[in-house]
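Chain residues, written in single-letter form:
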Amino acid sequence: MSRQILAIDIRCHSIAAVLLSTGLKSTSIVASYEAAIHDGETNENPLKSALAQLAERMPAERGDIVVGLPADQTIYRTLRVPFKEDKKIRQVLPFELEPNLPIEVDRLIIDYIYRDTTVNGELLTASIDRQHIDDLMEMLDTVGLQPQLILPGDFPLASALIANDEQLPDQAMLLSIGSHNATLTLFDSGKIGLVRSMTADTATDQGMETLALKIRQTLIAHAETSPQGFIPGALHISGPACSDAEMVQRLETALEMTPEMVDLRKMVPALDTGETLTAWNPSIFNEALALALVELEHLPCPRFHSTGSTLRNYWNAYRQHVRVPAILLIIVLVLGFSGVLFESHLLQTQVDDLDRQMEETFKATFPQARRVGDAGDQMKSELKKVRTGNIDTGGSVPKARTIDVLMQISRAIPKEVEVLFTRLVLGSDVLTLSGETAAFNVVDDIKNRLEKTELFQEVTIASANMEKSGKKVRFKLKLTL
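Residues numbered from 1 in each chain as written. Predicted model: local features only at pLDDT ≥ 70, side-chain atom pairs only at ≥ 80, totals over all residues. Heavy atoms only, no water.

**Considering the overall build of the chain**
Keep this limit in mind: Where helices and strands are cited, they refer to DSSP runs of H or I of at least four residues and of E of at least two residues respectively, numbered from the N terminus. Relative accessible area decides the class of each residue, using a 1.4 Å probe on protein chains only: under 20% of the type maximum gives buried, over 50% gives exposed, and in between gives partly exposed. A contact between two residues is defined here by any heavy atoms of the two lying within 4.5 Å. All accessible-area figures derive from a Shrake-Rupley calculation using a 1.4 Å probe, and residue coverage is judged against the displayed protein chains alone.
When its secondary structure is counted, the chain shows 12 helices and 19 strands. For the chain, the residues scored as buried account for 44% of the 481 residues in total. Contacts spanning at least 24 positions in sequence make up 62% of the contacts within the chain whose residues lie at least 6 apart. Accessible surface for the chain amounts to roughly 26400 Å². Of this, 52% is attributable to carbon and sulfur atoms.

This is the structure:
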């Protein structure tokens, strides 16, 4: 069970791709591919031709595709807004950036990351002409590639370097050098503080001096805006031009700093490269591997195009393996639930049968009575009535007859008092009288009237409660004979 990620790094004159396979226990680089973009072709777009060759060489039927654009197509700006809500930030970004952009803001796709999470609204924005994305999507569709992510070039490598290089100084530089351009990224306190793309002619000493001058100017400008200044402690380099040892020597001489070659493959923990990557060149494939890591590890990076969710991506990758166990699980759950329903039905049938038998027994024993509530209690009450002639008696013979009790209650309470007696239980020397009336003072009045009779020695209110409707008071009186 594995998921594949095909990462394609598109540059001005070449493309590089890495196919990453990740499972539950390990992540491995399955294959790598590099192709030049030949401008001499006339019948077909040279980039489309290179992508078509890539699609044939490295098919990713069940994988996610991540594409990185040429770095010089992206416009970076730093910005500060007085809030952190994503919705508000995206609403104000076009208005805040418009005065500092070389093209109309309506033509741009804009995204951002937090430059510093400790400062409110400190952002690093990335913008690109929407036409570049549309053209690329159309081109990829014609060769059968459907990207899930489209990212700015060279930025993913900087983000992956922060995540995987434990020895990265607080202030450092990353210089990604192509054939005719370079991207400078400045790290400040473990964050990406600035990104700048510039033209570069690294084939001559004069061109290298010009590039070094641009880098120094950028460092000075960034140091002036940084509260603590900026003195880089390391210079990391990558990019296709770094394969030329003479170019690296010219860069070291021009900047008076010793560059360190980035090999992202060795920095990522638990990454299995296999035995098939004999032609791995870090300078060429670093960026493609970083693109895959952005998708795999969700590294911070601006996104110009994003489709689907993490859950859907995992489902697309693993659904062929999960389908059979999922079907079996559903069958087991259905069978278990059916068993529970069947057992519940049997128990309910038994209960209904017992109820029916009790009803028949009650009707056969007391044909004149109507069953109300529990049949057992009602049968006991009916038997006591037969024995004693009382309405409802306790376990022993009462001191007074039921008719005498009813007469005393009727004489003590006048007709003007609105009361309804619902239950009378007569014991040997205690009478329990239940009923309902309109108010609590009526209950007190009934108690006082009954206390004045000769039959009852003591009358107490056992309970008196107002119904939820607020119209009746249910009460219970305890009368001592």
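**Details of a nonpolar patch on the surface**
We count it as follows: Each patch is built from residues that are more than 30% exposed by relative accessible area and take part in no salt bridge. Like charges join if they lie within 9 Å; nonpolar side chains (Val, Leu, Ile, Met, Phe, Trp, Tyr) join within 5 Å. Criterion for a salt bridge: a side-chain nitrogen of Lys or Arg within 4 Å of a carboxyl oxygen of Asp or Glu.
Together, V324, I327, L328, I331 and L335 make up a nonpolar patch on the protein surface, roughly 480 Å² of accessible area in all. Within the secondary structure, L328 is located in helix α9 (residues 310-365).

**Things to note about the sheet that holds strand β16 (residues 419-426)**
Keep this limit in mind: Pairs of strands are assigned from DSSP output, requiring at least two bridges between the strands. Every angle, taken between N-to-C directions, lies between 0 and 180 degrees, and every axis is a line fitted to C-alpha atoms, over only the stretch in contact when it is a helix.
Taken together, the four strands give an open sheet; going across it, the order is β16-β17-β19-β18, and neighbouring strands pair in antiparallel fashion. Both outer strands of the open sheet, β16 and β18 (458-466), are each paired with one neighbouring strand and no more. Mean inter-strand twist for the sheet, computed between neighbouring axes without regard to direction, equals 20°. Judged from the eight bridges that link them, strand β17 (residues 430-437) and strand β19 (residues 473-480) form a sheet pairing that is antiparallel. Across the sheet, the residue bridging to L431 is L479, located in β19. Docked against the sheet, helix α11 (residues 402-412) engages β16 and β17, running at close to 150° with respect to β16. Against the sheet, helix α12 (residues 440-451) makes contact with β16, β17, β18 and β19, and its axis sits at roughly 165° relative to β18, the strand it touches most.

**Some words on the sheet that holds strand β4 (residues 64-69)**
Strand order in this open sheet of seven strands is β14-β3-β2-β1-β4-β8-β15, and the pairing throughout is mixed. Single-partner strands in this sheet number two, and they are β14 (271-272) and β15 (305-306). Strand direction decides the pairing type here: strand β2 (residues 14-23) and strand β3 (residues 27-36), joined by nine bridges, are antiparallel. Opposite L19, over in β3, you have A31 as the bridge partner. Across the face of the sheet, helix α3 (residues 130-142) comes into contact with β1 (2-10), β4, β8 (149-152) and β15 while running at roughly 140° to β4.

**Let's talk about unusual backbone geometry**
Although it is not a glycine, D154 sits at a positive phi angle of roughly 75°. You can see D154 is positioned in the loop between β8 and α4 (155-164).

**A word on the nonpolar core**
Which entries qualify depends on this criterion: Among buried residues, those of type Ala, Val, Leu, Ile, Met, Phe, Trp, Tyr and Cys that are joined through side-chain atoms within 4.5 Å constitute a nonpolar core.
Within the largest apolar cluster, 70 residues are counted, with the highest numbers of intra-cluster contacts made by I8, I15 and L51. Within the second largest apolar cluster, 24 residues are counted, among which are I177, L194, L219 and L255.

**A closer look at the pattern of salt bridges**
Any two side chains of opposite charge can pair, so long as their charged atoms come close to each other. Following the criterion strictly, the structure yields 14 salt bridges and no others. The salt bridge partner of R11 is D154, with a shortest N-O separation of 3.1 Å. One end of the pair, R11, is in the loop between β1 and β2; the other, D154, is in the loop between β8 and α4, and 143 residues separate them in sequence. Among the residues examined, D154 registers a relative accessible area of 4% and is labelled buried. A salt bridge links R90 to D111; the nearest nitrogen and oxygen atoms lie 2.9 Å apart. A residue pair is termed long-range when its members are at least 10 positions apart, and R90 in helix α2 (residues 86-97) and D111 in strand β6 (residues 108-116) qualify at 21 residues.

**Considerations on the pairing of β2**
The element β2 is extensively covered by neighbouring structure, given that nine of its 10 residues are classed as buried. As defined by bridge partners, β1 adjoins β2 across nine bridges and the pair is classed as antiparallel. In the sheet register, R3 faces β2, and the bridge partner there is T22.

**Quick notes on the environment of P282**
By secondary structure assignment, the location of P282 is in helix α8 (residues 282-297). We classify P282 as buried; its relative accessible area is 19%. When the C-alpha atoms of P282 and G239 are compared, they prove to be 8.2 Å apart, with 43 residues separating the residues in sequence. In this structure P282 touches S238, V262 and D263, once residues within four positions along its chain are discounted.

**Remarks on the packing of aromatic side chains**
Put simply, the rule is: Any pair of Phe, Tyr and Trp rings, taking the six-membered ring for Trp, is counted once the centres come within 6.5 Å. Such a pair is stacked with planes under 30 degrees apart, edge-to-face with planes over 60 apart, and tilted for the rest. In our convention, an over-ring charge means Lys NZ or Arg CZ found within 6 Å of a ring centre and within 35 degrees of that ring's normal.
Tallied over the full model, the rule gives four aromatic pairs. Both rings, one in Y76 and one in F155, keep their centres 6.0 Å apart while their planes meet at 20°; by these two values the pair is stacked. One end of the pair, Y76, is in strand β5 (residues 75-80); the other, F155, is in helix α4, and 79 residues separate them in sequence. For the pair Y76 and F155, a shared accessibility class is recorded, and that class is buried. Residues Y112 and Y114 carry aromatic rings whose centres are separated by 6.0 Å and whose planes lie at 90° to one another, so their mutual orientation is edge-to-face. Residue placement shows K88 over the ring face of F83; its charged tip is 6.0 Å from the ring centre.

**As for a negative patch on the surface**
Note the cut-off: The sign given to each residue is positive for Lys and Arg and negative for Asp and Glu; His and the chain ends receive no count. Just so you know, the charge point we use is NZ for Lys, CZ for Arg, CG for Asp and CD for Glu.
On the surface, a cluster of negative charge is contributed by D134, D135, E138 and D141. Counting through the fold element by element, D135 comes out in helix α3.

**So, α2**
The following threshold applies: Multiplying one less than the number of residues by 1.5 Å gives the expected span of a helix. Our arc is simply the arc of the directions from the helix axis toward the C-beta atoms.
Here α2 is 12 residues long and its end C-alpha atoms lie 16 Å apart, about the 16 Å a rise of 1.5 Å per residue gives. If you check which residues of α2 are buried, you get I89, L93 and L97. Within α2, the buried residues cover an arc of 50° as seen down the axis, which keeps them to one side. The outward face of α2, more than 90 degrees from its buried face, is lined by the exposed residues K87 and F95.

**With respect to α11**
Turning to α11, its buried residues number three or more, namely T402, V405, I409 and A412. Projected onto a plane normal to the axis of α11, the buried residues spread over an arc of 100° and lie on a single side. Opposite its buried face, α11 presents the exposed residues I403, S410 and R411, each directed more than 90 degrees away. On the buried face of α11, the contacting elements are β16, β17 and α12.

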